[in-house]
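A structural walkthrough
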Amino acid sequence: MKIKKAVIPCAGQGTRFLPATKVVAKELLPVYAKPIIHYIVEEAALSGIERVIFVTSSGKDSILDYFDHNLSLQSFLERKGDTERLAQMRQLSEMVEIVSVRQKHQLGLGHAILQAADLVGDEPFAVLLGDDMIDSKVPCIKQMMRVWNKYHKAVVATFPVPHDQVDRYGIVAGPRIDKRVIQVKQMVEKPKPEDAPGNMAIIGHYILPPQIFRLLKSQRAGVGGEIQLTDALVRLNRSQGVLAYEFDGDRYDAGDVFGFIQANIMHAMKDPAMRPKLEELFRRIISDQPTA
């Protein structure tokens, strides 16, 4: 069955970016020329997703406004004769169908995804976290769709991390059944380095079957007292199997301050007009550093 829907949880408070996120949703913080969430939705749209389901919380209505038509702005641009920006605004609003549901209590990623059950229905779907940016020639979710189409099993995106960082992620291990595909045998949420089965870390991109909702409904709270998606995936793995896919691309955790800065720099470097200025800035910064 074709993957037509994507769930994007964006109910978090963005405390690492306070005080800015007191008034601006972290998903709307700009990465070079566009908000973080624009890149996430754009990846879904370029992968063939037809409907995006935002899981939001109080104070996040501005995310929906961003993707809605702004008739007064469009009228202003039309009167001004700014056809380029007018086309951009119209394209933004027509990129993909947007719907939303509220997560009234912040009880973990698994709980957030569960809120979208009625809107997803009885079909497989994608999940993209609202601050996990992947820069790749082929959109990461589209890469994962190909794995789903071949094996018809849940797929989690993974990448290798240093062993001393495994306690920041869900970690998977198992035999490779394809160049980039692992048949998951072990899956642990944020293990201590000495307890980790490997160093392949799960990031915020998933292809999930509808059966995950039944498991999430009965899932007990796990790490942090939250309903962990990883715990439900462990149970799904016992009954149906789960695959881990080592995606092709560069990942930026835009929910982390350094990852956010890194994403801004890397996307700005792609602009031919901006790159020489940044290179000159970096040379000046490096030359100002004291020698050892």
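From a predicted model like this one, the values you see are computed outputs, not experimental measurements.

1. As for the overall build of the protein
Helix and strand counts for the protein stand at 11 helices and 14 strands. Scaling as 2.2 N^0.38, a compact globule of 292 residues should have a C-alpha radius of gyration of about 19 Å, and the protein matches this with 20 Å. Viewed in the frame of its principal axes, the protein has a C-alpha envelope of about 60 × 55 × 35 Å. For the protein, the residues scored as buried account for 48% of the 292 residues in total. Here the analysis covers contacts within the protein between residues at least 6 apart in sequence; of these, 74% occur between residues at least 24 apart. Per element, the accessible surface of the protein, about 15200 Å² overall, is 52% carbon and sulfur. The distance from the centre of the 38 positive side-chain charges to the centre of the 35 negative ones in the protein is 3 Å.

2. What about the packing of aromatic side chains?
Summed over all chains, the structure comprises six aromatic pairs. For the pair Phe17 and Phe260, a centre-to-centre distance of 5.3 Å together with 75 degrees between the ring planes defines the contact as edge-to-face. Here Phe17 is found in the loop between strand S1 (5-9) and strand S2 (30-31), whereas its partner Phe260 is found in helix H10 (residues 257-268), with 243 residues between them in sequence. The two residues Phe17 and Phe260 agree in class, both being buried. Three or more aromatic residues link up through ring pairs in this structure, and these residues are Phe54, Tyr66 and Phe67. Seen from the ring of Tyr39, Lys34 lies directly overhead, with NZ or CZ sitting 4.6 Å from the centre.

3. Details of the environment of Val242
Checked against the element boundaries, Val242 lands in strand S13 (residues 242-246). Between the C-alpha atom of Val242 and that of Gln228, which follows or precedes it by 14 residues, the distance is 16 Å.

4. Some thoughts on the layout of surface pockets
Taken as a whole, the largest pocket spans an internal volume of roughly 1400 Å³. Lining the largest pocket are 49 residues, with Arg16, Leu129, Asp131, Lys190 and Asp253 positioned closest to its centre. For the lining of the largest pocket, the elements supplying multiple residues, two or more each, are helix H5 (109-114), strand S8 (154-160), strand S12 (200-208), helix H9 (229-239), strand S14 (250-253) and H10. Roughly 370 Å³ of internal volume is contained in the second largest pocket.

5. Brief notes about the confidence of the model for the protein
Mean pLDDT for the protein: 87, with 96% of residues reaching 70 or above. Here helix H4 (residues 83-93) stands out as the least confident element of the protein, with mean pLDDT 73; strand S6 (residues 125-128) is the most confident, with 96.

6. Quick look at a nonpolar patch on the surface
On the surface, Val257, Ile261, Ile265 and Met266 cluster together into a nonpolar patch covering about 300 Å² of accessible area. With respect to the element layout, Ile261 can be found in helix H10. The exposure class assigned to Ile261 is partly exposed, which follows from its relative accessible area of 43%.

7. Section: the pattern of salt bridges
According to the stated counting rule, one finds 14 salt bridges in the structure shown. Ionic pairing is found between Glu50 and Lys2, a salt bridge with its closest N-O pair at 3.5 Å. A residue pair is termed long-range when its members are at least 10 positions apart, and Glu50 in the loop between helix H1 (36-46) and strand S4 (51-56) and Lys2 in the segment before S1 qualify at 48 residues. The partner of Arg251 in a salt bridge is Asp132, with the nearest N and O atoms 2.6 Å apart. Of the two residues, Arg251 sits in strand S14 while Asp132 sits in strand S7 (residues 132-135), which places them 119 residues apart along the sequence. Owing to a relative accessible area of 18%, Arg251 belongs among the buried residues under this scheme.

8. Section: the nonpolar core
Counting 51 residues, the largest nonpolar core has Ile37, Phe54, Met133 and Ile207 as the members making the most contacts within it. Other than its neighbours up to four places away in sequence, Met133 contacts Val31, Ile36, Tyr39, Ile40, Asp250, Arg251, Tyr252, Ala254, Ala263 and His267. The next biggest cluster of nonpolar side chains, apart from the first, holds 34 residues, and it includes Ile53, Ile113, Met187 and Leu233.

9. Re the pairing of S13
By the criterion of burial, S13 is predominantly enclosed, with four of the five residues buried. In the sheet, S8 pairs with S13 via five bridges, with the strands oriented parallel. For Thr158, the partnering residue across the bridge sits in S13 and is Glu246. The pairing of strand S10 (residues 181-183) with S13 spans three bridges and is classified as antiparallel. The residue bridging Gln183 from the neighbouring strand is Leu243, located in S13.

Calculation rules
- Residues numbered from 1 in each chain as written.
- Predicted model: local features only at pLDDT ≥ 70, side-chain atom pairs only at ≥ 80, totals over all residues.
- Heavy atoms only, no water.
- Helix = DSSP H or I, 4+ residues; strand = E, 2+ residues; numbered from the N terminus.
- Rg over C-alpha atoms; globule rule 2.2 N^0.38 Å.
- Buried < 20%, exposed > 50% of the residue type's maximum accessible area, 1.4 Å probe, protein only.
- Contact = heavy atoms within 4.5 Å.
- Areas by Shrake-Rupley, 256 points an atom, 1.4 Å probe, with all protein chains shown as cover.
- Lys, Arg positive; Asp, Glu negative; His and termini not counted.
- Charge placed at Lys NZ, Arg CZ, Asp CG, Glu CD.
- Phe/Tyr/Trp six-rings, centres within 6.5 Å; stacked < 30°, edge-to-face > 60°.
- Lys NZ or Arg CZ within 6 Å of the ring centre and 35° of its normal.
- 1 Å grid on protein atoms, 1.4 Å probe; cavity = no way out; pocket = protein on both sides within 12 Å on 5 of 7 lines; lining within 4 Å.
- Points joined across faces, edges and corners; volume = space filled by probe spheres on them.
- pLDDT = per-residue confidence, 0-100.
- Patch = residues over 30% accessible without salt bridge, like charges linked within 9 Å, V, L, I, M, F, W, Y side chains within 5 Å.
- Salt bridge = Lys/Arg side-chain N within 4 Å of Asp/Glu carboxyl O.
- Core = buried A, V, L, I, M, F, W, Y, C linked by side-chain atoms within 4.5 Å.
- Pairing = 2+ DSSP bridges.

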